[in-house]
Amino acid sequence: MGSTAREEMSRFWEKNSRSNRPLSPHVTIYKWSLPMAMSITHRGTGVALSLGVSLFSLAALLLPEQFPHYLAQVRALSLGPTLIFSAKFALAFPFSYHTWNGIRHLV
């Protein structure tokens, strides 16, 4: 007859205790490196781009007006050049970083 999960885990921990096996290391003990940071940033920008495209397409489907109407509303806010530059950078950076890092990885 089969054993329960609790019995299996009990046997597993007893065997590890007898053999003095170390536990798996936690992420805090790893020394950060440039490839690690680039990999994490690549994944983060990929998720951000995916969410951005999904939200933009959902908005295009559900909002009642066409895109030029909403663009005119943003222009009517008379935002300063610093804020506009920051918004453009926030949109362009994930796309360019993700693209160039993907090409670097392929090469």
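Predicted, not measured: the structure shown is a model, and the values here were computed from it.

Parameters and conventions
Residues numbered from 1 in each chain as written. Predicted model: local features only at pLDDT ≥ 70, side-chain atom pairs only at ≥ 80, totals over all residues. Heavy atoms only, no water. Helix = DSSP H or I, 4+ residues; strand = E, 2+ residues; numbered from the N terminus. Rg over C-alpha atoms; globule rule 2.2 N^0.38 Å. Contact = heavy atoms within 4.5 Å. Patch = residues over 30% accessible without salt bridge, like charges linked within 9 Å, V, L, I, M, F, W, Y side chains within 5 Å. Areas by Shrake-Rupley, 256 points an atom, 1.4 Å probe, with all protein chains shown as cover. Salt bridge = Lys/Arg side-chain N within 4 Å of Asp/Glu carboxyl O. Buried < 20%, exposed > 50% of the residue type's maximum accessible area, 1.4 Å probe, protein only. UniProt positions renumbered as here; feature names shortened; annotations may be inferred.

Within the chain, the regular secondary structure consists of 4 helices and 0 strands. Secondary structure elements in the chain, listed N-terminal to C-terminal, are α-α-α-α. Expected size for 107 residues packed as a compact globule is a radius of gyration near 13 Å; at 25 Å, the chain overshoots this value by more than 25%. Based on the C-alpha atoms only, the size of the chain along its principal axes is roughly 70 × 40 × 30 Å.

Before going further, it helps to spend a moment on the environment of S39. With respect to the helices, strands and loops of the structure, S39 is situated in helix α2 (residues 34-62). Each C-alpha atom, one on S39 and one on I103, is 13 Å from the other, the two residues being 64 residues apart in sequence.

Its location among the elements puts T45 in helix α2. The contact partners of T45, leaving out residues within four places of it in the chain, are P94, Y97 and H98.

Take a nonpolar patch on the surface next. The grouping of V74, L77, L79, L83 and I84 at the surface amounts to a nonpolar patch, some 430 Å² of accessible area in total. Mapping I84 onto the fold places it in helix α4 (residues 81-106). Take I84: its relative accessible area is 36%, and that puts it in the partly exposed class.

UniProt annotation of "transmembrane region" (unreviewed entry) refers to residues 44-64 and 76-97 when read in the numbering used here. Helix makes up 90% of residues 44-64 and strand makes up 0%, while its end C-alpha atoms are separated by 31 Å. Annotated as residues 76-97, this span is 82% helix and 0% strand, and its ends, taken at the C-alpha atoms, are 31 Å apart.

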